[in-house]
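Here is how the chains run, residue by residue.
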Amino acid sequence: MASIPSLMADSQRQGAEPRRLLVIFNPTAGGRRRRRLEAVLAALADFGCPIDLRATTRPGEAAELARQADPAACDLVVAAGGDGTVNELINGLVGEAAAAPAACPPLAVLPLGTANVLAAELGFDPVPAQIARAIARGPVRPVCLGCVRGNEGPGRVFSLMAGAGFDARVVAGVGLRVKRLIGKGAYVLEGLHQMGRRRPPPLRVTVDARAYQAASVVVSKGRFYGGRYLLAPAARLEEPLFHVCLFRHGDLRHSLRYAVAMQTGRLAGTAGLEIVAGREIRIEGSPGEPLQADGDIVAQLPVSITLLPDALRMVTAG
């Protein structure tokens, strides 16, 4: 990262000590994303923030680096990447045990991904100077997380959403190479492909002991989906509550209607969508059906989803 100037700038911002930052990033990011990373780090240096820059070299290393973060040595852990990278760091900081927020450093987001949904939830603009200002000076607030537990393996923590049905099958079908080539277009192509496939049986969804059926379900902690598309208008990261979006129909006509309504900001009023609030969720379906959390496949049905109140502190833009 020789092209990144003076990561230990001398200037001090008035009225407070500069935040000490542990920045964890994936060095495979190139082109526009690399330039954004360099611009944000340069601006943070101008704020006087000491920066410990750590590049990952293998899958799972971001979580390990976050897990090793010492609150006495850094004021913030900065996740430089997309929602998948952020999710990995969150699982390293918190994990399903949900340690008290004071036991780990707060998390800041430096958005470099395809959708950057969490950055949108936190109020970040995609402008390097504004991202740097938020990381250097933005308020730190507790947020509530969700945790997915299947029949096998450890639980997986998420900050944004967990989904089963159509959206999980799309995530499972998108190849990394295609995603790197065409970004969000990879999800559009795979979505069209999934619309033409045979529909599996309906999902059985239980929300606080109330039973529902749906073709697809997204359990939301935040408002947005796939970028800045509004899915659950009343959801908030800081509230200990899930907003469960139940898509009743999975045929081609309704799937296209849902997609168009989301693109135009009218999804919440679309027939066939019901949003219910709850704290304990159970999703059952065909064995082997995937479940995605924060944009990655993390489990297979059946799963239980529970809240982790005030599990982590995050930097917001204001």
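First, a word on scope: everything that follows refers to the structure included in this document. (Residues numbered from 1 in each chain as written. Predicted model: local features only at pLDDT ≥ 70, side-chain atom pairs only at ≥ 80, totals over all residues. Heavy atoms only, no water.)

1. What to know about a nonpolar patch on the surface
Judged by side-chain polarity, Val 188, Leu 189, Leu 192, Leu 252 and Leu 256 come together as a nonpolar surface patch covering roughly 460 Å² of accessible area. When contributions to the nonpolar patch are tallied by element, the ones reaching two or more residues are helix 8 (185–195) and helix 9 (252–263). With three residues, helix 8 is the largest single contributor of residues to the nonpolar patch. One can find Val 188 in helix 8. (Patch = residues over 30% accessible without salt bridge, like charges linked within 9 Å, V, L, I, M, F, W, Y side chains within 5 Å. Areas by Shrake-Rupley, 256 points an atom, 1.4 Å probe, with all protein chains shown as cover. Salt bridge = Lys/Arg side-chain N within 4 Å of Asp/Glu carboxyl O. Helix = DSSP H or I, 4+ residues; strand = E, 2+ residues; numbered from the N terminus.)

2. Brief notes about the nonpolar core
For soluble globular proteins, nonpolar side chains are generally found buried alongside one another. By size, the foremost hydrophobic cluster in this structure holds 70 residues, and its most contacted members are Leu 44, Leu 107, Ile 135, Leu 145 and Leu 312. Grouped together as the second largest cluster of nonpolar side chains are 24 residues, Tyr 212, Val 219, Leu 246 and Ile 283 included. (Core = buried A, V, L, I, M, F, W, Y, C linked by side-chain atoms within 4.5 Å. Buried < 20%, exposed > 50% of the residue type's maximum accessible area, 1.4 Å probe, protein only.)

3. Considerations on the packing of aromatic side chains
Using the criterion set out here, one finds two aromatic pairs in the structure. Where Phe 158 meets Phe 242, the ring centres are 6.1 Å apart and the plane angle is 25°; that geometry is what we call stacked. Of this pair, Phe 158 sits in strand 6 (residues 156–158) while Phe 242 sits in strand 13 (residues 242–247), placing them 84 residues apart in sequence. Among the residues examined, Phe 158 registers a relative accessible area of 0% and is labelled buried. (Phe/Tyr/Trp six-rings, centres within 6.5 Å; stacked < 30°, edge-to-face > 60°.)

4. Here we look at helix 3 (residues 83–93)
With nine of eleven residues buried, helix 3 is to be regarded as a mostly interior element. Among all positions of helix 3, only Asp 83, Val 86, Asn 87, Glu 88, Leu 89, Ile 90, Asn 91, Gly 92 and Leu 93 are buried. Just past helix 3, the residue Gly 95 takes up positive phi, approximately 70°.

5. Side note on the pairing of strand 3 (residues 76–81)
Where burial is concerned, most of strand 3 is hidden: six out of the six residues are buried. Neither face of strand 3 is left uncovered, since the one carrying Leu 76, Val 78 and Ala 80 and the one carrying Val 77, Ala 79 and Gly 81 both have all their residues buried. As paired strands, strand 1 (residues 21–25) and strand 3 are joined by five bridges and run parallel to one another. Opposite Phe 25, over in strand 3, you have Ala 80 as the bridge partner. In terms of strand pairing, strand 3 meets strand 4 (residues 107–111) through five bridges, oriented parallel. Bridging across to strand 4, Ala 80 finds its partner in Leu 110. (Pairing = 2+ DSSP bridges.)

6. Structural notes on the pattern of salt bridges
Once the charged atoms of two side chains with opposite charge are near each other, the side chains can pair. Counted according to the given criterion, the structure contains seven salt bridges. Salt-bridge contacts for Arg 34 lead to Glu 38; the nearest nitrogen and oxygen are separated by 3.6 Å. Of this pair, Arg 34 and Glu 38 both sit in helix 1 (residues 31–46), four residues apart, which is roughly one turn of the helix. Relative accessible area serves as the criterion here: at 19%, Glu 38 is assigned to the buried category.

7. Comments concerning the environment of Leu 203
Mapped onto the fold, Leu 203 is located in strand 8 (residues 203–207). Taking C-alpha positions, Leu 203 is 5.3 Å from Ala 214, a pair spaced eleven residues apart along the chain. Contact partners of Leu 203, with chain neighbours within four places excluded, come to Ala 164, Gly 165, Tyr 212, Gln 213, Ala 214, Ala 215, Ser 216, Val 217, Glu 284, Gly 285 and Leu 301. (Contact = heavy atoms within 4.5 Å.)

8. A look at the side chain of Lys 221
Tracing the sequence through the fold places Lys 221 in the loop between strand 10 (216–220) and strand 11 (224–225). Buried within the structure, Lys 221 lacks any salt-bridge partner; its nearest side chain of opposite charge belongs to Glu 239, at an N-O separation of 6.9 Å. A distance of 2.9 Å separates a polar atom in the side chain of Lys 221 from the backbone oxygen of Glu 239. Once you skip the residues sitting within four places of it in the chain, Lys 221 turns out to touch Cys 144, Leu 145, Phe 158, Ser 159, Leu 160, Ala 235, Arg 236, Leu 237, Glu 239, Leu 241, Phe 242 and Leu 307. (Lys, Arg positive; Asp, Glu negative; His and termini not counted. Polar contact = N/O pair within 3.5 Å; in protein donor to acceptor, adjacent residues only side chain to side chain.)

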